[in-house]
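Listed below, chain by chain, are the residues.
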Amino acid sequence: GPLAMGTGFGAGLGLALASSAFIGCSFVLKKKGLLRLCGRSRAGQGGHAYLREWLWWAGLLCMGVGEAANFAAYAFAPATLVTPLGALSVLVSAVLSSIFLNEQLNVHGKIGCILSVLGSSVMVIHAPQEEEVSSLESMAEKLKDPGFIVFAVCVLVSSLLLIFVAGPRYGQSNVLVYVLVCSAIGSLSVSCVKGLGIALKELFSGKPVLKEPLAWVLLVCLVICISTQINYLNKALDIFNTSVVTPIYYVLFTTAVMMCSAILFKEWQHMVLDNIIGSISGFLTIVSGIFLLHAFRDMPFTPTLVPLFLQPGRADSHLPWSSADRHQSCQHQPLLPSEDKGSQSAEEEE
């Protein structure tokens, strides 16, 4: 009934949010642990001193708890809700880094954080509510659906083409090649997780799940999918900057998961139009927030970037139509004054 549906949805939502908080914290704890080792052998140079640092282990534990909560969330709530909320872990780690690691969060970053929170709230309000699959039998029925089979074949064929044809040619120069592989395969891994979550739920309620071949097939598929994902994500991160890969990966992965769950679980069929528009708007808002948070992360926001009429001390002396001013419009000034650049590079060298 509607009551059971509401509790499941609430549990899934709570687990998804907890997962983001733990994963966000884990990044900061690990980094803090690695920074404390600065004097000793660094992980980047092949040292393993971080294994003796309790903060690093705390970070690893946090990561494990977060991933487990995320896994469990898929058993209770629709994938269309759980996956986009993963973006909040980026936000948690950005905010905590600015507090504990003294990493500056500039204006763009703060606006990005606000946008991500707003987008997530909109998505939660409009997410599809019904529990689409409750047992392994119904999951097996869904997997036999011709629409899903076509989708899965398309994903596998395009992934193979990307890996063996596009990878060697464009993998080093185009960020999309490896990230698309991760995202496409990732959409399948989420359906495996969803199926395994249901299997575990049935196992705890005392059904003979271990005799079901489907549960084992899903487990094997999940292991293959996740190892492929990690492999190609690491390749992408190795070649390109994290601040480029992360937002693109988030957008493509979430889009692929939403498509996959729309086809497999028909999550969108029972949704009214305003909820569909709401879900998509919320998702796009999170995307904009994540983009702002990442793309301008290392860009200093100096007072000279503020429009002239907002700059302190300029307001009174500033006559808008004076000819001198027209020649010195801010379009012709460099983004960073040259003396700032000098002092900046000096700071970086220290």
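Refer to the structure presented above.
Residues numbered from 1 in each chain as written. Predicted model: local features only at pLDDT ≥ 70, side-chain atom pairs only at ≥ 80, totals over all residues. Heavy atoms only, no water.

S.K.: For this particular structure, what's the right way to read the overall build of the chain?
M.R.: Of regular secondary structure, the chain possesses 14 helices and zero strands. Starting at the N terminus, the α and β elements of the chain follow one another as α-α-α-α-α-α-α-α-α-α-α-α-α-α. Looking at the 350 residues of the chain, the share that counts as buried comes to 40%. The long-range fraction of contacts in the chain, counting pairs at least 24 apart against all pairs at least 6 apart in sequence, stands at 80%. Split by element, the accessible area of the chain, about 19300 Å² in all, is 68% carbon and sulfur. (Helix = DSSP H or I, 4+ residues; strand = E, 2+ residues; numbered from the N terminus. Buried < 20%, exposed > 50% of the residue type's maximum accessible area, 1.4 Å probe, protein only. Contact = heavy atoms within 4.5 Å. Areas by Shrake-Rupley, 256 points an atom, 1.4 Å probe, with all protein chains shown as cover.)

S.K.: Any chance you could explain the packing of aromatic side chains here in plain terms?
M.R.: Aromatic ring pairs are defined here through the distance separating the ring centres and the angle between the ring planes. Counted according to the given criterion, the structure contains four aromatic pairs. Here the aromatic rings of Trp 56 and Trp 57 are separated by 5.2 Å at their centres, their planes lie at 85 degrees, and the arrangement is edge-to-face. Looking at Trp 57, the relative accessible area reads 41%, which means it is partly exposed. Between Tyr 249 and Phe 253 the ring centres are 5.5 Å apart and the planes differ by 20 degrees, which places this aromatic pair in the stacked class. Of the two residues, Tyr 249 and Phe 253 both sit in helix α10 (residues 242–264), four residues apart, roughly one turn of that helix. Neither Tyr 249 nor Phe 253 differs from the other in exposure class; each is buried. Above the ring of Phe 265, the side-chain terminus of Lys 194 is found at 5.8 Å from the ring centroid. (Phe/Tyr/Trp six-rings, centres within 6.5 Å; stacked < 30°, edge-to-face > 60°. Lys NZ or Arg CZ within 6 Å of the ring centre and 35° of its normal.)

S.K.: In this structure, what is going on with the packing of helix α4 (residues 87–100) against helix α11 (residues 273–295)? I would like to understand it.
M.R.: Each pair of packed helices can be described by the angle between their axes along with the distance between the axes. Between α4 and α11, the shortest axis-to-axis distance is 10 Å and the interhelical angle comes to 35 degrees. Both α4 and α11 take part in a crossing whose hand is left-handed. For the pair α4 and α11, contact is made by Ala 87, Val 90, Leu 91 and Ala 94 and by Ile 286, Ile 290, Leu 293 and His 294, respectively. Looking at the contact of α4 with α11 residue by residue, the class counts come to seven nonpolar, one polar and no charged. (Axes fitted to C-alpha atoms, helices over the stretch in contact; angles between N-to-C directions. Left-handed = near helix turned anticlockwise from the far one by under 90°. Nonpolar A, V, L, I, M, F, W, Y, C, P; charged D, E, K, R; others polar.)

S.K.: Would you take a moment to explain α10 for this structure?
M.R.: Residues three or four positions apart in an α-helix share a direction because the helix packs 3.6 residues into each turn. Along its 23 residues, α10 runs 32 Å from first to last C-alpha, staying within 8% of the 33 Å computed at 1.5 Å per residue. Phi turns positive, to about 50 degrees, at Lys 266, one or two residues after α10. (Expected span 1.5 Å × (residues − 1).)

S.K.: Just checking my understanding: could you explain the nonpolar core for this structure?
M.R.: Proteins that are soluble and globular tend to have nonpolar side chains buried together. Within the largest apolar cluster, 71 residues are counted, with the highest numbers of intra-cluster contacts made by Leu 81, Leu 85, Met 139, Phe 148, Leu 188, Val 245 and Tyr 250. Looking at this core, the element that brings in the most residues is helix α8 (residues 176–204), giving 14 residues. Of the domains in this structure, domain 1 (1–86) and domain 2 (87–296) are the two that each give at least three residues to this core. Apart from residues lying up to four places away in sequence, Val 245 is in contact with Val 175, Val 179, Leu 233, Ala 236, Leu 237 and Phe 240. (Core = buried A, V, L, I, M, F, W, Y, C linked by side-chain atoms within 4.5 Å. Domains from an automatic or database assignment.)

S.K.: Would you mind showing me how to read α8 here?
M.R.: With 29 residues, α8 extends 41 Å between its outermost C-alpha atoms, agreeing within 8% with the 42 Å of an ideal straight helix rising 1.5 Å per residue. Of all 29 residues that make up α8, 23 are buried, and the element is covered over most of its length. Backbone geometry just downstream of α8 places Gly 206 in the positive-phi region, at approximately 90 degrees.

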